[in-house]
Every structure is written in C-alpha cells, then in structure tokens.
Amino acid sequence: MEKLTTFEISLFRPLHVYHGGETVEGEVTIELSKAIEIKGIKVTYKGEATVHWSEKVTTGEERTLKDSEHSNSEKYFDEQVNLLADQKSSHAYKLEAGRHTYPLFYQLPDRLPSSFEDPFGSVRYIVCCVIERPWKDSFKAWHPFTVINNLDLNARPNCMQPQQATKWKQLCCLCCKSGSIEATLHVDRQGYVPGEAIKLHAHIINGSNRKIRKSTIELIMKKTFQTRTSTKTEHTRVAHSTHTSIEKHSEDIWKDEALTIPPLPPSFLTECSIIDVNYVLQLSIEPSGLATKLTIPLEIIIGSVPLTYTMQDSTDAPSSACTNQIAEPTEVDLALLADDQSRSVKPDALLYRESTYGPVAICDLSNNHNRGQKQYRPMYPYYSLDKTAIQPHVSLL
C-alpha cells in the first residue's frame, strides 16, 4: 500500500506567471496514510537556460559518420532550502501519518529572461521538492512557472516606423526570358504584441508569361542556439495567410488583411546569452515551372507591452481569432500585470495564453516516486485588440 497519498507543490499566483524581482509563494502538501522515515524535505528553486543538439559529421580517412553532440547552459539561480530547518540531527526523522503543509517563499532575481521552450533549447523555471529517505529512493515533485521579461515597444522608437521592401525577379525558360515578377510588402509599423493583427499590404505584378501558383505571407520565428564552438538556427512558421494563383500579365493586391499574432515569447530573449529569438514577416511568391521563389522579408519586433497609441485606438471586444485561448479574462487573471509597465492597458484587453507550440515533457512520471506536471507550455501576455483576423496556423518550415 502506498504510504504517500499526496505530494504536490501549489503556487498561489494565478496561472503561475511572474516577473523578475517578484516573489514566488506557495506551499508543499504531503499526506501520509502511515508514518515514514525521512532524512529531510528540501526545496530547490531553479532558473536555467540550456541548449542541446546532435548532428552527423564525417571523420577519418574512411569518412565514417558519427554523432557530434553540442550543448551549453546558463544558470540564473539555483537555491536549496531545507523545509525541516528546525531538525538539528542529521539522522532519520519520523514523519507522522496525516497531512503536512510547508510554506514556500522565494524572491526572484531582478534580471531574468522570458520563459522559452523548444526541442533544441529552453529557458525554464521550476520549483522542485524532494523527500529524502534513508536507504530508499527519494520522492520528487515538480512545478514549473513562467517568467516574463517585459519588452516595452514604447521604449523602441523604430517600432512605430512603417516597414516596406520591394524586389523583382527575372524568369527564364531554358535560354529564353519569359518576363519578370515584382512585389512590394508593406506594414504600418514594426512593433506588435501577441493578440494584435498585422495589417498586410502587398502588391504583386506578374509581368511574365507564366502563372504564379500562389503567394504567402508568413510570420516566422527565427531561433538561434549557441554553444562555445557552434551555432544552430531554426525557423518556425507561427502564422500565415495565402492567396491563390495569379495569371500571367496580371496582378494581385493584399489590402488591410489582418494576420493575428499568436501567444509568443518577446523578441531577443533579453538576459539570455545562449538563445536568441527574432521574428520576420515574409512574402513568398511561387512561380510555376522551374523557378525559385521570390521572397521579401521584413523584420518584426514582438513585445509584451503594446504601443500606447494602438491601445487607445483598439476596441474592447475580445478576439476570437486565436485557437489557443485557455480562459476568458477574469479579475484575478488580469491583475497579474497590475504592478508592471502595462498599467495603461485596458483591463479587459489583457490576459495570458499558453505558448503557440508545445507542450514539452519536463517530468518522467513513469517512475512512481515522481509527482507533478508531466508537460508544460509557458504562458505569454495576449491582448484582445482585434475583432476579426486571419486564424493563425502553426507549422515547421
């Protein structure tokens, strides 16, 4: 019979979202059907960034393939607390049957990067509690939480500047030119927050003798992972919209089409030196026949605090465009940013939603000595600013 009937960590903050300098408060609950012998109960508060990947490389004169491992880490805090601090002896201690609760209290460092999860790297914050037993396996419980490093778009003047680029491409058929295609991509500004819609403007001129199969505008997350000796870059398409074919010697216009930004980590992943995150809005035009795509990229900055004038112009109606909504805004949820830079945000415009992609496994529950949340997605600020917008799609490039 299992003597340990309950072993869990509870955090008092709704949705478990914090900022640097704030205090993580909660409690550990242990319920026993019978008394057990223990050596101690210890809680660890840990914040760390890690990257890891492997790749095939050729070695030696025979050019044999082998796996090359790449990894790196960056620690932000790692503090252990003994919940039985009044236990002076290092010998076994009898924990009686019944319910036991122990308070948790930890002040986060002021400067921390935002939470981030990816198959090749993460910035992860976690509370772990261990019940140590003499001559037996320890019991472990985990509880992850999210940290947001605010990126205020108002502090970056370029975020209000319009962005535009034009490119053209000559198409050829064997040795003969078949004409050119030209395109312009334009957005009204560079800075946005999750929940906002990017108003898409594009003009495509097909001056060639070929049909254009389709044109796509996509929001791409560019992730860069760094070790001491190598760098890995991955691209994930987090939202996109597509127009159908364009006949030869004709044109197509995108005008004020709205592409909603799903819940995403802020650009740059400030305070993390081994993972970088950037965003690109890219127009891709795919001609028929044997020809490469014409692509036009524009750099976009995703923040966590919106531009002031966008909030003044926005409506109060919550958006129904994102499929990742996990809860309607409540007074408790909306109080999470009450003390940060977002005070100017309309109270019914801000809530938190789970990251667009994931979840990731953080705990192996196949071992019956482990308790806690098996999978995890960080929570990111999400602003209900737009009434109608294109449904975001997620896929890997």
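Up top is the structure these notes are about.
The rules we used
Residues numbered from 1 in each chain as written. Predicted model: local features only at pLDDT ≥ 70, side-chain atom pairs only at ≥ 80, totals over all residues. Heavy atoms only, no water. Helix = DSSP H or I, 4+ residues; strand = E, 2+ residues; numbered from the N terminus. Buried < 20%, exposed > 50% of the residue type's maximum accessible area, 1.4 Å probe, protein only. Contact = heavy atoms within 4.5 Å. Areas by Shrake-Rupley, 256 points an atom, 1.4 Å probe, with all protein chains shown as cover. Core = buried A, V, L, I, M, F, W, Y, C linked by side-chain atoms within 4.5 Å. Pairing = 2+ DSSP bridges. Disulfide = S-S within 2.5 Å.

Asker: Before we move on, can you summarise the overall build of the protein chain with the specific residues and values?
Answerer: Of regular secondary structure, the protein chain possesses two helices and 26 strands. For the protein chain, the proportion of its 397 residues judged to be buried stands at 50%. Of the contacts made within the protein chain by residues no fewer than 6 positions apart, 74% connect residues no fewer than 24 positions apart. A total of about 19300 Å² of accessible surface is found on the protein chain, and carbon and sulfur atoms cover 47% of it.

Asker: How would you summarise the nonpolar core if you had to cite specific residues and measurements?
Answerer: Formed by 74 residues in total, the largest nonpolar core has its most connected members in Val 28, Ile 30 and Phe 145. Filtering out sequence-adjacent residues up to four positions away, Ile 30 remains in contact with Leu 4, Thr 6, Phe 7, Ile 41, Leu 95, Gly 98, Arg 99, His 100, Tyr 102 and Ile 131.

Asker: Go over the pairing of strand β11 (residues 139-147) with me, naming the residues and quoting the values.
Answerer: Among the nine residues that make up β11, eight are buried, leaving the element largely enclosed by the rest of the structure. Strand direction decides the pairing type here: strand β2 (residues 17-18) and β11, joined by two bridges, are parallel. Looking across to β11, one finds that Tyr 18 is bridged to Val 147. Direction of pairing for strand β10 (residues 121-132) relative to β11: antiparallel, over a ladder of seven bridges. Considered in β11, the bridge of Cys 129 is made with Ala 141. Between the end of β10 and the start of β11, which pair antiparallel, lie six residues, with Trp 135 showing a positive phi angle near 65°. As paired elements, β11 and strand β23 (residues 370-372) share three bridges and run parallel to each other. In the sheet register, Lys 140 faces β23, and the bridge partner there is Asn 370.

Asker: Any details on the state of the cysteines? Residues and values, ideally.
Answerer: For the structure shown, the criterion picks out zero disulfides. Residue Cys 128 stays outside any disulfide, its sulfur separated by 7.2 Å from that of Cys 129, the closest cysteine. By relative accessible area, Cys 128 is classed as buried at 14%.

Asker: I'd love a proper account of the environment of Ile 285, names of residues and values included.
Answerer: The residue Ile 285 is located in strand β19 (residues 275-287) in this model. Put simply, Ile 285 and Arg 213 are 72 residues apart on the chain and 7.9 Å apart in space, counted from C-alpha to C-alpha. With near-sequence residues (within four places) excluded, Ile 285 lies in contact with Ile 181, Ala 183, Ile 204, Ile 212, Lys 214, Ser 215, Lys 293 and Leu 294.

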